[in-house]
Amino acid sequence: MIQRIQSLYLFLAAVLLGLTFAMPLSSFLGGTAEMKLNALGFFDAAEGSLVLSAYGLTILTGCAALLALVIIFLYKKRLVQFRLCVMEMVLLAGTIVFEIYYVWGGVRSLGGFDTAVWRMNLAALFPLFALILSYLALLGIRKDILLIRSLDRIR
């Protein structure tokens, strides 16, 4: 039953969340320095070294990506899969909140970036896309649960 559409949605959500670790979510230019933010934290664009860690964003994004992969293989336990998918959506909402915090408020802790010019990249929307895909997977799981219940009534 891995070929179900909700499994595809959850796999795409996990891939998108994995890409947030590799792709910059936003770029900040303040003075002569340029910083890039990904799911691990702020990186100096010139050196590529980590300047400020974003632990909350890292943990939530990693847990959400792993949970999406775990949910795929729980296809025989639909109620557990449904509940974990709801938990996945809560983790993704937290990821979006932390991302907004680090983009808008966290850059001030770097110093000298108060008047920074910042640019959002497409990767900043990946947690939102993953949330939408998780919701579509939740609808598919719900549809399966209702189908099994209707077949049990026929017996």
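Here the structure is a predicted model, which means the values were calculated and not measured.

**Examining the packing of aromatic side chains**
For step 1, the next point in the chain: A full pass over the atoms with the stated rule returns three aromatic pairs.
For step 2, the next point in the chain: Summarising the aromatic geometry, the rings of Phe42 and Tyr102 are spaced 6.5 Å apart at their centres and angled 70 degrees between planes, so their arrangement reads as edge-to-face. One end of the pair, Phe42, is in strand E3 (residues 41–44); the other, Tyr102, is in helix H3 (residues 78–105), and 60 residues separate them in sequence.
For step 3, the next point in the chain: Take Phe42: its relative accessible area is 0%, and that puts it in the buried class.
For step 4, the next point in the chain: Both rings, one in Tyr101 and one in Tyr102, keep their centres 5.2 Å apart while their planes meet at 70 degrees; by these two values the pair is edge-to-face.
For step 5, the next point in the chain: Its relative accessible area of 11% is what places Tyr102 among the buried residues.
For step 6, the next point in the chain: Ring-pair connections join several aromatic residues into one group, and the members of that group are Phe42, Phe98, Tyr101 and Tyr102.

**Focus: the pairing of strand E2 (residues 33–38)**
For step 1, the next point in the chain: Pairing of E2 with E3, which is carried by four bridges, proceeds in the antiparallel orientation. The partner of Met35 across the bridge, within E3, is Asp44.
For step 2, the next point in the chain: Linking two consecutive strands that pair antiparallel, namely E2 and E3, is a turn of two residues.

**Points about the pattern of salt bridges**
For step 1, the next point in the chain: Taken as a whole, this structure holds one salt bridge when the rule is applied.
For step 2, the next point in the chain: A salt bridge links Arg4 to Asp144, with the shortest nitrogen-to-oxygen separation between them at 2.7 Å. Taken together, the residues Arg4 in the segment before helix H1 (5–22) and Asp144 in helix H4 (residues 126–154) connect sequence positions 140 residues apart.
For step 3, the next point in the chain: Of the residues examined, Arg4 reaches a relative accessible area of 10% and is grouped as buried.

**Concerning H4**
For step 1, the next point in the chain: The first and last C-alpha atoms of H4 sit 42 Å apart over 29 residues, in line with the 42 Å expected at 1.5 Å per residue.
For step 2, the next point in the chain: For H4, the set of buried residues is Phe126, Pro127, Ala130, Leu133, Ser134, Ala137, Leu138, Gly140, Ile141, Asp144 and Ile145.

Calculation notes
Residues numbered from 1 in each chain as written. Predicted model: local features only at pLDDT ≥ 70, side-chain atom pairs only at ≥ 80, totals over all residues. Heavy atoms only, no water. Phe/Tyr/Trp six-rings, centres within 6.5 Å; stacked < 30°, edge-to-face > 60°. Helix = DSSP H or I, 4+ residues; strand = E, 2+ residues; numbered from the N terminus. Buried < 20%, exposed > 50% of the residue type's maximum accessible area, 1.4 Å probe, protein only. Pairing = 2+ DSSP bridges. Salt bridge = Lys/Arg side-chain N within 4 Å of Asp/Glu carboxyl O. Expected span 1.5 Å × (residues − 1).

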